[in-house]
Structure formats: structure tokens, C-alpha cells
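# Structural characterization, general
As a plain string of letters, each chain reads:
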Amino acid sequence: MAEVLVTGGTGTLGRAVVAALLSRGHLVRVLSRRGGESSPGAADADGPRTVRGDLASGAGLTEAVAGTEAIVHCASATGTLRRRTQREVDVAGTRRLAAAARAASRPHLVYPSIVGIDGLPLAYYRTKSAAETEVERSELPWTILRATQFHDLLLMALGGLHRGPLLFLPRGFRFQPVDAGEVGERLAELVDAGPGGRVGDLGGPEELSADEIAERYLGARGGSRPWIVRVAVPGRMARAVRGGGLLCRGCAAGAVSFGDFVGRAL
Ligand SMILES: NC(=O)c1ccc[n+]([C@@H]2O[C@H](COP(=O)([O-])OP(=O)(O)OC[C@H]3O[C@@H](n4cnc5c(N)ncnc54)[C@H](OP(=O)(O)O)[C@@H]3O)[C@@H](O)[C@H]2O)c1
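What you see is a predicted model, and the numbers here were worked out from it, not measured in a lab.

Glancing now at the state of the cysteines. This structure, assessed with the given rule, holds 1 disulfide. Shown here is the disulfide that connects Cys248 with Cys251, its sulfur atoms set 2.1 Å apart. On the basis of relative accessible area, Cys248 is assigned to the buried category, the value being 6%. With no disulfide of its own, Cys74 lies closest to Cys248 among cysteine sulfurs, the gap being 18 Å. Under the relative-accessibility criterion, Cys74 is labelled buried at 16%.

Moving on to helix 1 (residues 12-23). Over its 12 residues, helix 1 runs 17 Å from end to end, which matches the ideal 16 Å to within 8%, given 1.5 Å per residue. Elements that come into contact with the buried residues of helix 1 comprise strand 1 (3-7), strand 2 (27-32), strand 4 (68-73), strand 5 (108-114) and helix 6 (180-193).

This next bit is on the packing of helix 7 (residues 210-221) against helix 9 (residues 258-265). Two elements in contact, helix 7 and helix 9, have axes whose closest approach is 9 Å; the angle formed by their N-to-C orientations is 30°. As far as their axial angle goes, helix 9 and helix 7 are roughly parallel. Handedness of the crossing formed by helix 7 with helix 9: right-handed. Of the residues in helix 9, those in contact with Ile213, Arg216, Tyr217 and Ala220 of helix 7 are Phe258, Gly259, Val262 and Gly263. Split into classes, the residues belonging to the contact of helix 7 with helix 9 amount to 5 nonpolar, 2 polar and 1 charged.

Rules used throughout
- The residue numbers shown here count from 1 along each chain, following its written sequence.
- For this predicted model, a pLDDT threshold of at least 70 governs which residues receive local features, and a threshold of 80 or more governs which side-chain atom pairs are given and counted, while totals over whole chains, interfaces and linings are taken from all residues.
- Processing note: side-chain calculations cover all non-hydrogen atoms of the structure and skip hydrogens and water entirely.
- Sulfur atoms of two cysteines make up a disulfide when they are within 2.5 Å.
- Burial classes: relative accessible area under 20% of the type maximum marks a residue as buried, over 50% as exposed, and values in between as partly exposed (1.4 Å probe, protein chains only).
- Each helix corresponds to a stretch of at least 4 residues labelled H or I by DSSP, and each strand to a stretch of at least 2 residues labelled E; elements are numbered beginning at the N terminus.
- For a helix, the expected span equals 1.5 Å multiplied by the number of residues minus one.
- Residue contacts follow a heavy-atom distance rule, with two residues in contact if any of their heavy atoms lie within 4.5 Å.
- Comment: axis = line fitted to C-alpha atoms, over the contacting stretch for helices; angle = value between 0 and 180 degrees taken between N-to-C directions.
- Orientation categories follow fixed angle ranges, with anything under 35 degrees roughly parallel, anything over 145 roughly antiparallel, 65 to 115 roughly perpendicular, and all other angles oblique.
- In this scheme the crossing of two helices becomes right-handed for a clockwise turn of the near helix relative to the far one and left-handed for an anticlockwise turn of less than a right angle.
- Residues were grouped as follows: Ala, Val, Leu, Ile, Met, Phe, Trp, Tyr, Cys and Pro as nonpolar; Asp, Glu, Lys and Arg as charged; and all remaining residues, including Gly, as polar.

Quick look at the structure:
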């Protein structure tokens, strides 16, 4: 049986994709810079096999794509603000992955992207947009799904904004966070559906202000409440976020709310 490769299968979204593919009966292979083997061997139905590789250098990509029917390409240089690394991993790395796939079994390339990347002046979003172009020009059968911010990302951001007795909140920011598990399910569904091009966006069930997000976070966390400090964030990016640039009003929506998520996570 042909396998599905999940790049970034160790990350937040990738782990959800792996779980969803396994529950649909796929054999799954994960590309990671850590651990694993330098060649894939055979996957089994109980869990994914890890193939060691790196999109930045191209190491391991030929082995990772060999014999696959689809690739869900979740890997991204999310851990750095260095634009050069982001472009090397996300843009050049996608090009390297596509070249390896073209030379192999020409699998269906499924790519998760982000709602609003065309309109928001953020270097990472420009990188995502360029990576989407790599997918579209890959000469492979492809599907792109854009999703809004994951609940995990907002929870992590809140952790950074909560300093001792103070919680800093960007005034007027609006989000529509979605559950990474539901995005993973949708990507697995898209693998089974076959190449679909740019499919409809996926968002969360609620549009929430930064204050509403903080309320749900503080409610789930319990304990003493911090002083809320509302910050008027300057700049074009902040203006775009206040203006709803991260939202996908009217798009398909997941069912798991941010409140549900933090209730479970904290
Ligand atoms: N987070 C969000 O709110 C959000 C929303 C919409 C779309 N997305 C998109 O969803 C995708 C996954 O995001 P995430 O938040 O799940 O990311 P994440 O948890 O930070 O995981 C990033 C993954 O990328 C892999 N990776 C990084 N550099 C690599 C390299 N040079 N070679 C190979 N693998 C590399 C890492 O694997 P190893 O460390 O094991 O090598 C890791 O599994 C990204 O494309 C992101 O743009 C994210």
C-alpha cells in the first residue's frame, strides 16, 4: 500500500494530520530533522515511520518521498524570525521537496497555508505566499488549504503577554482561531479527495477580540486575575489585524471553540 508522507509530522499540525491519516487507514511516514532513519523502511498501521531529513539542505528528501501517494507538507521554519531561514526552509525547501517528488511517483502535494496572507504585511506571510506559488508551479497534482490561527498559537502568545501580575492585550485585535486537530482532519480528508487546487478556507467557530480570548484563558486558568494592560499596537500589520485581516467570515468553520480548547489544555 502506498504511503502518505507528512513533513513537519512532529509539529502541532503535523501530529494532528498523522493521527487523522492513521485513523483513515493510511500508512504514514514522517519527515523530521530529528531521530528516525535515513531511509524509510516500511511503515506499519500502528504508527508512522520517521525519515530523517532537512528541507533546508535537501538531505533525505529523495528517500522520504519514494513510493508515496501523497505528501502533506506541514514543515515550516516557524521557530525563527530569520527571513533567510524561513525562505530557505519554506520556499526553497518546498521547491526541493517538489523536485524530489516529481522525480519519484508524482504524489499529490497537499499544503496548509494561512488565511489572509495576501493582505498582511508580515515577512512570514510573504514567505507562505511564495511557498504557495511553489506548490502551484510544482507540476504535481496539488491542493492548498488556508486556515486561521490555531488555538495553540494564541495560547502560546497569551503566555508571552502574561508577565507576572500584568496581562498585555493588543487593543482591537480580532481572531477566529481554529482547532489544529480539525485542520488535521480536513487535510486528511483532502488527501482522500484527490487534487483540488485552492480549496475553501477553514476557520474557527467564533470571531473573538483579544479581550474575549483573554477572558476564556483566564477563566480556564483560574487563580488570581492579572491587571489587563491594553496596548495600542502601531503599524500596518496591527491595523490590518484590527480591520479583520486574519478572519475568514463565512468560510467553513470547525466546531471546537477557543474556550473548549483552553478548558482542556489548562
Ligand atoms: N500555527 C498556526 O496558527 C497556523 C495556522 C495556519 C496554518 N499554519 C501552517 O501550518 C504548518 C504547520 O504549523 P505548526 O504550527 O504546526 O508548526 P510547528 O508546530 O512549529 O512545526 C513545525 C514543523 O516543521 C518542521 N521543520 C522545521 N524546519 C524544518 C526543516 N528545515 N526540515 C524539515 N522539517 C522542518 C519541524 O520538524 P522537526 O523539528 O522534527 O524537524 C516541525 O515538525 C505551517 O506551514 C504553518 O504556516 C499554521
